[in-house]
Amino acid sequence: MTVRQSRPRALLLAAMLAAPVSIPPMMTAPAYALIVFDPSNYSQNVLTAARSLQQITNQITSLQNQAQMLINQARNLTSLPLSSLQQLQQSVQRTQQLLGQAQNIAFDVQQVDKAFQQQYGSVSLSASDQELVTEARSRWQNTVGSLQDAMRIQAGVVGNIEISRAQMLALVGASQSATGALQATQAGNQLLALQGQQLADLTAVVAANGRAQALTEAERAAAVDQGREQRRRFLAPGSGYEAGSVQMFNR
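Criteria and thresholds
Residues numbered from 1 in each chain as written. Predicted model: local features only at pLDDT ≥ 70, side-chain atom pairs only at ≥ 80, totals over all residues. Heavy atoms only, no water. Helix = DSSP H or I, 4+ residues; strand = E, 2+ residues; numbered from the N terminus. Buried < 20%, exposed > 50% of the residue type's maximum accessible area, 1.4 Å probe, protein only. Contact = heavy atoms within 4.5 Å. Areas by Shrake-Rupley, 256 points an atom, 1.4 Å probe, with all protein chains shown as cover. Polar contact = N/O pair within 3.5 Å; in protein donor to acceptor, adjacent residues only side chain to side chain. Axes fitted to C-alpha atoms, helices over the stretch in contact; angles between N-to-C directions. Parallel < 35°, antiparallel > 145°, perpendicular 65-115°, else oblique. Nonpolar A, V, L, I, M, F, W, Y, C, P; charged D, E, K, R; others polar. Left-handed = near helix turned anticlockwise from the far one by under 90°. Salt bridge = Lys/Arg side-chain N within 4 Å of Asp/Glu carboxyl O. pLDDT = per-residue confidence, 0-100. Core = buried A, V, L, I, M, F, W, Y, C linked by side-chain atoms within 4.5 Å.

**Quick word on the overall build of the chain**
Logical step 1: A tally of regular secondary structure across the chain gives six helices and zero strands.
Logical step 2: When each of the 251 residues of the chain is scored for burial, the buried share is 18%.
Logical step 3: In the chain, 82% of the contacts between residues at least 6 apart in sequence involve partners at least 24 apart.
Logical step 4: Summed over all atoms, the accessible surface of the chain reaches about 19200 Å², with 60% contributed by carbon and sulfur.

**Details of the environment of T185**
Logical step 1: By the element assignment, T185 lies in helix α6 (residues 181–235).
Logical step 2: Classification of T185 by relative accessible area gives partly exposed; the value is 44%.
Logical step 3: A distance of 2.8 Å separates a polar side-chain atom of T185 from the backbone oxygen of A181.

**Side note on the packing of helix α3 (residues 85–100) against α6**
Logical step 1: Contact pair α3 / α6: the axes reach a minimum separation of 10 Å and the direction vectors enclose 10 degrees. With respect to each other, α3 and α6 are oriented roughly parallel. Facing α3, whose interface residues are L85, L88, S91, V92, T95 and L99, α6 presents Q190, A193, L194, Q197, D201 and A204.
Logical step 2: Residue classes in the contact of α3 with α6 are distributed as seven nonpolar, four polar and one charged.

**Concerning the packing of helix α5 (residues 129–176) against α6**
Logical step 1: Following both chains from N to C, one finds α5 and α6 inclined at 165 degrees, their axes separated by 9 Å at the closest point. The orientation of α5 with respect to α6, classified from their angle, is roughly antiparallel. Judged by the sense of rotation from one axis to the other, the crossing of α5 with α6 is left-handed.
Logical step 2: Taken together, the residues that form the contact of α5 with α6 break down as 21 nonpolar, 15 polar and seven charged.

**Describing the pattern of salt bridges**
Logical step 1: Applying the stated rule across the entire model yields seven salt bridges.
Logical step 2: Ionic pairing is found between R233 and D129, a salt bridge with its closest N-O pair at 3.0 Å. Remark: D129 occurs in helix α5 and R233 occurs in helix α6; sequence separation between them is 104 residues.
Logical step 3: One salt bridge connects D225 with R228, and the closest N-O pair in it is separated by 3.3 Å. Taken together, the positions of D225 and R228, both in helix α6 and three residues apart, correspond to about one turn of that helix.
Logical step 4: The exposure class assigned to D225 is partly exposed, which follows from its relative accessible area of 22%.
Logical step 5: According to the relative accessible area criterion, R228 is exposed, its value standing at 51%.
Logical step 6: Several salt bridges share partner residues, and in doing so they unite D129, E229, R232 and R233 into one network.

**Some details on the side chain of T143**
Logical step 1: Within the secondary structure, T143 sits in helix α5.
Logical step 2: Once residues within four sequence positions are removed from consideration, T143 is found in contact with L215, T216 and E219.

**Thoughts on unusual backbone geometry**
Logical step 1: For N104, which is not glycine, the phi dihedral falls at a positive 65 degrees.
Logical step 2: Checked against the element boundaries, N104 lands in the loop between α3 and α4 (109–119).

**Brief notes about the confidence of the model for the chain**
Logical step 1: In this model, the chain carries a mean pLDDT of 83, and residues with pLDDT of at least 70 account for 81%.
Logical step 2: The secondary structure element of the chain with the lowest average pLDDT is helix α1 (residues 3–18), at 54, and the one with the highest is α5, at 93.

**Concerning the nonpolar core**
Logical step 1: Among the nonpolar cores identified, the biggest contains eight residues, and these are L98, A150, I153, V157, A204, V205, A208 and A212.
Logical step 2: Mapped by element, the contributors of at least two residues to this core are α5 and α6.
Logical step 3: With four residues, α6 is the single largest residue contributor to this core.
Logical step 4: In this structure, I153 is in contact with L98, L99, A204, V205 and A208, ignoring residues within four places of it in sequence.
Logical step 5: One finds Y120, L215, A218 and A222 within the second-largest nonpolar core, a separate group that totals six residues.

**What to know about the environment of V112**
Logical step 1: By the element assignment, V112 lies in helix α4.
Logical step 2: V112 sits in the partly exposed class, given a relative accessible area of 30%.
Logical step 3: Sequence-distant contacts of V112, that is, excluding residues within four places in its chain, are made with I105 and A106.

Here's what the structure looks like:
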C-alpha cells in the first residue's frame, strides 16, 4: 500500500473517532430472590424457641407459687373475728361478787383468824350465861350464813353453765372454720380461757362448800366446849341443883 492510499483511510478513521457515538442503554435482566432452606438452622431456631417458651412457663409457675404463698401468709395472719373475752370476764366477775358478799366471815385470812379467836376459842369462864347464849347464836348465824353463801355461789355457777356452753359452741365452730394458723391458735387460746373460767367457778364452789363445812364443824366444837362449861356451872355447889335418885318406869 502506498502513502496516498493509506492517507484517505486514516482521515476516515479520524472522522469516525471525532463524531459522537450514541451507545444504547444496557438491558439488565430482572433479579429474582431465591429462598434457600437450611434444615440445621431451622432446627436450631425451633430449639431456641422451645427453650424460651419453657423459661416463660417456669417464670409463670414461679409467680403463681409466690402469689399463693402470699395468699397463705395473709390467711395465716388474719385475726379471729370472734372474741369471748368479755363474756368470760363477766362470768368470773359475777362469781367474784358472790364470793365478796360472804356473810359475817369473809374469805379473808385476817378476818378468819379474828373470828376464830373471838367466837370459836375457849369459852370464857367469867362470861355470863346471857353472853354464852349470845355467842352461841352468833356462831349459829355464821354457819347458816355460810350455807346460804355456798348455795348462792352454786346457783351462780349453774347460771354460767349455759353461757359457757354457748361460748364453747361458737369457739369450736370458729376453730373448725379457721382460714389460717392465727385464727386456729386464737380460737384454741379462747377455749383454754373458757376452761380457766370453768375452773375458777369450780374453785369458788369448792371454797364456799369448804367454808360452810368448816364453820359447821367449828360451831359444833364450840358448842361442845360451851356445853361443858354450862354443865360445870349447873353442877357447881350453890347453883340450886341437888342430886337425887330418879326412878324410871314404875316397877
